[in-house]
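Coordinates in review
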Amino acid sequence: FNDVYDWVTGMLGPEWGPHGYSNLIPQDDQITILLCDIAGDNQPGGYVGYYWSKDNFVKGDDPTYLDYYSAERIMFTIDAVSFGCPEGGTWEITDYWPEEILSTLAHEFQHMIHFYQRGVLHDAMASGDTWINEMASQVVEDLIADKMDVIGPRGVEGADGTAGSPGNGDGRLPLFNAYNDVSLSDWGGTDVYASYSIVYAFGAWLARNYGGAMLLNRLMQCPLTGPASIEYLVEQATGSPERFPRLLQRWGTAQILSDTTDAPAGCVYNTGAFFPSDIGGHTYRLGSINLYNYSYDGQVGPLMYSGGTVGTSPHLSTSCALYRVPGTVTGTFSRTVKMPSGMIASLLLRP
């Protein structure tokens, strides 16, 4: 855990410290990791870990309020059954479930730091921003996957900077390919696993184009919420303002061009190698992504509509749907397409 602590705080800052709230516990420079059978089923999997900010509060005396159940500790919980589950006869930290726990440590640690840095210090945790918090946790997993030598949410071995091989069913991206038009902010509205995949794919694109580990460092210091916070991160990285709908268009372009290694700036998932970034005395590396290498339930590569309608999922202000004109088109061509109200169309011509 000491390594995970150094790597994650090197990006994000400390998990707890000075504050001006009498109802929050004071700083004591201690972190508690509670190991227990979370589901009480003596089985690995399911909920493998969680962080709950109720434990950061001073214990109250009214059982109708959450602070009554505070452990008064900076604490997260890990599933002991998953952590102790061997792949064969002898337990090894490189076994499947122990490796999952390593990624979970980094994931939940981001949530812990997020509460202090974004919530306590900057009052920048809005009720509809679960997607931003979960995005940050998965990008943290992504950024240290090579250091822990795990596949992480990218689904490729951390030490491999290439985009991997076709037929990949690991990580978050196979499900993303099948549900890539689900709204980022519609957390769990379609399916919570689809939501995880959507926000990871978006965060993976952001990090590979706008600063890597520095992106998350800037997020921790950002006083804004919702899509405005993403606009802030991009402007901090580039020096130029960018509206969120334009970023969604650029993200869609990156999805389509992820099988190339020479996509234009801001539209890059794949260079064929690592994307490095440096902060806090550490170098972090993000591997390349080719979405066409991932498959899920018959869907290979990003979902692209080809009929007369684009999009079937609820399209809020934070979604992106792809449409493909089938076949080779020459000369004059016209097509009428129905889109949900409020969607903006853009055209990408590929040779």
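The preceding data block contains the structure.
Let me begin by describing the structure that accompanies this report. Every value quoted in this text rests on a predicted model; they were computed, and no experiment measured them.

Within the chain one finds nine helices and seven strands. The C-alpha radius of gyration computed for the chain amounts to 21 Å, which stays within 12% of the reference 20 Å derived for 351 residues, consistent with globular compactness. Dimensions along the principal axes, computed over C-alpha positions, put the chain at roughly 75 × 50 × 40 Å. Taking all 351 residues of the chain together, 48% fall into the buried category. A fraction of 64% describes how many contacts in the chain between residues 6 or more apart in sequence connect residues 24 or more apart.

Evaluation of the coordinates by the stated rule reveals five salt bridges. One salt bridge in this structure joins K54 and D55, with 2.8 Å as the shortest N-O distance. A residue is classified by how much of its surface remains accessible, and K54, at 13% relative accessible area, is buried. Residue classification places D55 among the buried residues on the basis of a relative accessible area of 5%.

Our next topic: unusual backbone geometry. Positive phi, normally seen in glycine, also occurs at D29, with a value near 60 degrees. Note on placement: D29 falls in the loop between α1 (2-12) and β1 (32-36). Accessibility expressed as a relative area gives 62% for D29, which makes it exposed. In the Ramachandran plot, D123 falls in the positive-phi region, its phi being about 50 degrees despite a non-glycine side chain. Counting through the fold element by element, D123 comes out in the loop between α3 (96-121) and α4 (130-148).

Residues of α1 that are buried include every one of V4, W7, V8, T9, G10, M11 and L12, and no others. Lining the buried residues of α1 we find α3, α4, α7 (213-221), β4 (275-279) and β5 (282-286). Just past α1, the residue G13 takes up positive phi, approximately 100 degrees.

Below, the discussion takes up the pairing of β4. Across the two faces of β4 the burial differs, with F275, S277 and I279 buried and P276 and D278 not buried at all. Where β4 lies against β5, five bridges are found, and the strand directions are antiparallel. Its bridge partner being in β5, P276 is matched across the sheet by R285. Linking β4 to β5, which pair antiparallel, is a turn of two residues; within it G280 sits at a positive phi near 60 degrees.

Mapped onto the secondary structure, S229 falls in helix α8 (residues 226-238). Only 2.6 Å separates the side chain of S229 from the backbone oxygen of G226, close enough to count as a polar contact. Residues within four places of S229 in sequence aside, it is in contact with R118, I132, C222 and L224.

Turning next to the packing of α4 against α7. The N-to-C vectors of α4 and α7 enclose an angle of 145 degrees; their axes lie 10 Å apart at closest approach. As α4 packs across α7, the resulting crossing turns out to be left-handed. Together, I132, A136, V139, V140 and L143 of α4 and A213, L216 and L219 of α7 make up the contact between the two elements. Looking at the contact of α4 with α7 residue by residue, the class counts come to eight nonpolar, no polar and no charged.

Glancing now at the environment of P245. Following the sequence through the fold, P245 ends up in helix α9 (residues 244-256). When the C-alpha positions of P245 and L35 are compared, they lie 43 Å apart, and in sequence the two are 210 residues distant.

So, about the packing of aromatic side chains. With the rule as written, the count across this model stands at 16 aromatic pairs. Here the aromatic rings of Y96 and W97 are separated by 5.0 Å at their centres, their planes lie at 80 degrees, and the arrangement is edge-to-face. The partly exposed category is assigned to Y96, whose relative accessible area is 46%. Taken together, the aromatic side chains of W131, F176, F202, W205, Y210, F244 and W251 make up a single cluster linked through ring pairs.

On to a nonpolar patch on the surface. Residues Y50, W52, L66 and Y69 make up a contiguous nonpolar surface patch of roughly 410 Å² in combined accessible area. Checked against the element boundaries, Y50 lands in strand β2 (residues 49-51). Classification of Y50 as partly exposed rests on a relative accessible area of 33%.

The next subject is the sheet that holds β2. Ordered in space as β1-β3-β2, the three strands form an open sheet in which the pairing is mixed. Edge positions in the sheet fall to β1 and β2, since each of these pairs with one other strand and no more. Taken pair by pair, the neighbouring strands of this sheet meet at an average axis angle of 20 degrees, ignoring direction. Note that β2 and strand β3 (residues 75-79) share three bridges and pair antiparallel. Of the residues in β3, the one forming a bridge with G49 is I78. Contacting β1, β2 and β3, α3 runs over the sheet at an angle of about 160 degrees to β3.

The rules we used
- Residues numbered from 1 in each chain as written.
- Predicted model: local features only at pLDDT ≥ 70, side-chain atom pairs only at ≥ 80, totals over all residues.
- Heavy atoms only, no water.
- Helix = DSSP H or I, 4+ residues; strand = E, 2+ residues; numbered from the N terminus.
- Rg over C-alpha atoms; globule rule 2.2 N^0.38 Å.
- Buried < 20%, exposed > 50% of the residue type's maximum accessible area, 1.4 Å probe, protein only.
- Contact = heavy atoms within 4.5 Å.
- Salt bridge = Lys/Arg side-chain N within 4 Å of Asp/Glu carboxyl O.
- Pairing = 2+ DSSP bridges.
- Polar contact = N/O pair within 3.5 Å; in protein donor to acceptor, adjacent residues only side chain to side chain.
- Axes fitted to C-alpha atoms, helices over the stretch in contact; angles between N-to-C directions.
- Left-handed = near helix turned anticlockwise from the far one by under 90°.
- Nonpolar A, V, L, I, M, F, W, Y, C, P; charged D, E, K, R; others polar.
- Phe/Tyr/Trp six-rings, centres within 6.5 Å; stacked < 30°, edge-to-face > 60°.
- Patch = residues over 30% accessible without salt bridge, like charges linked within 9 Å, V, L, I, M, F, W, Y side chains within 5 Å.
- Areas by Shrake-Rupley, 256 points an atom, 1.4 Å probe, with all protein chains shown as cover.

Everything listed here is a matter of geometry and, on its own, says nothing about what the molecule does.
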